[in-house]
Amino acid sequence: MRRRQVGMGFAMNRNKLERDYQQVGDGIAAKELEQLEKQMEVFKTNLEEFARKHKKDIRKDPKFRAHFQRMCTNIGVDPLASNKGFWADLLGVGDFYYELGIQIIECCIATRTRDGGLTDMNDLRQRVERIRTNSKGKKQQEISEDDIVRAIRTLKPLSGGFEVLQIGSHKMVRSVPKELDKDQSALLLLAQKTCYVSAPMIQAELKWNDTRISNALEHLLQDGLCWIDKQDESTYTYWIPSYFHLDTNND
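The written sequence of each chain sets the order in which its residues are numbered from 1. Reporting of local features is limited, given that this is a predicted model, to residues whose pLDDT is at least 70; pairs of side-chain atoms are given and counted only at 80 or more, and all residues count toward the totals for whole chains, interfaces and linings. Derived side-chain values reflect all non-hydrogen atoms in the structure, with water molecules and hydrogen atoms excluded from consideration.

### A word on the nonpolar core
For the record, the criterion: Only buried residues count toward a nonpolar core. Its members are Ala, Val, Leu, Ile, Met, Phe, Trp, Tyr and Cys residues joined through side-chain atoms within 4.5 Å. For each residue, the accessible area found with a 1.4 Å probe, counting protein chains only, is set against the maximum for its type, and the residue is called buried under 20%, exposed over 50%, and partly exposed in between. Strands are runs of DSSP state E lasting at least two residues, helices are runs of H or I lasting at least four, and both sets are numbered from the N terminus onward. We call two residues in contact whenever any of their non-hydrogen atoms come within 4.5 Å of each other.
Core analysis: the largest hydrophobic core is formed by 22 residues, its most contacted members being Val197, Ile202, Leu217 and Tyr243. For this core, the secondary-structure elements that each account for two or more residues are strand 2 (163-167), helix 8 (182-190), helix 9 (199-206) and helix 10 (210-222). Looking at this core, the element that brings in the most residues is helix 10, giving 4 residues. Setting aside its immediate chain neighbours within four residues, Tyr243 contacts Ile167, His170, Met172, Leu188, Leu189, Ala191, Gln192 and Cys195. Formed by 18 residues, the second largest nonpolar core is a distinct cluster that contains Phe96, Cys107, Leu124 and Val173.

### Considering unusual backbone geometry
Here Cys195, not a glycine, exhibits a phi torsion of approximately 70°, which is positive. Its place among the elements puts Cys195 in the loop between helix 8 and strand 4 (196-198). The exposure class assigned to Cys195 is buried, which follows from its relative accessible area of 18%. One non-glycine residue, Lys207, lies in positive phi territory at about 60°. Assignment of secondary structure puts Lys207 in the loop between helix 9 and helix 10. The exposure class of Lys207 is exposed, given its relative accessible area of 66%.

### Here we look at the environment of Asn122
By the element assignment, Asn122 lies in helix 6 (residues 121-131). By relative accessible area, Asn122 is classed as partly exposed at 41%. Between the C-alpha atoms of Asn122 and Ser144, which are 22 residues apart in sequence, the distance is 9.6 Å.

### A look at the sheet that holds strand 4
As a reminder, the rule being used: Paired strands are those between which DSSP finds at least two bridges. For helices, the axis comes from a line fit to the C-alpha atoms of the stretch in contact; other axes are also lines fit to C-alpha atoms, and the angle between any two N-to-C directions lies between 0 and 180 degrees.
Pairing within the open sheet is antiparallel, and its 3 strands lie in the order 4-6-5. Since the sheet does not close on itself, it has two edges, and those belong to strand 4 and strand 5 (227-229), each with one partner. Averaged over all adjacent pairs, the angle separating strand axes in this sheet is 30°, with direction ignored. The pairing of strand 5 with strand 6 (residues 237-239) spans 3 bridges and is antiparallel. Opposite Asp229, over in strand 6, you have Thr237 as the bridge partner.

### A few points about the pattern of salt bridges
Side-chain pairs of opposite charge can arise whenever the charged atoms involved come near each other. For clarity, the threshold we go by: Put simply, a salt bridge is a Lys or Arg side-chain nitrogen that is within 4 Å of an Asp or Glu carboxyl oxygen.
As enumerated under the stated definition, the model contains 7 salt bridges in all. One salt bridge connects Asp146 with Arg150, and the closest N-O pair in it is separated by 2.8 Å. Highlighted residues: Asp146 and Arg150, both in helix 7 (residues 145-153), separated by 4 residues, approximately one helical turn. For Arg150, a relative accessible area of 12% corresponds to the buried category.

### Concerning helix 7
Those residues of helix 7 that fall on the buried side of the exposure criterion are Asp147, Ile148, Val149, Arg150, Ala151 and Ile152. Where helix 7 is buried, its residues meet helix 3 (62-74), helix 5 (96-115), helix 6, strand 2 and strand 3 (170-174).

Pasting the structure below:
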């Protein structure tokens, strides 16, 4: 009977000790959280002062804007994606990325019949810059590749398939909901130096059999990602228009 009382006393003491540890732990966590919140407020205050001081650079210099955006992201602030409130009033950019996103959609749709909805990043940026230039030849805010990437992220809720893809050394922008399959990606990678592929080239470089080559090329054609050149009857050539440098002087 006495042994049972000792056992119950030990359990009660152990429970009390665990509760004490928990209270101490909660207290430490609360203090750390309070300290972290104060640090974040200091960061945001400093960020606001920095933004006021460098407002013109943020609006006009795309490289400076990219650095500023990354700095903001690190503390959970996204000023350039907001179209109202303190940041919009301070920086005067409003819905900068939403406007840029609409311009990206416009450019991608204009070339979709040519490239099947897969556009080279540099060509897209040049075309967007063109429509951001007024009749007197004066550009709006200059844009960078980083701006294009961030603007495309704002298009995700539209479910239009807009996405930035890295294919070898090229960054490509996909503007259709259909994803590239593995073989399509391999052919696009193979075509980067020559802008085209052919059955003998694929067989020599990728060691695919005839059936796989035929199916992969057919899928490229069906998705509008290549043009077929039948001038050489012995070997058809499949050109990839996404790798063509588009003439920005023509639509």
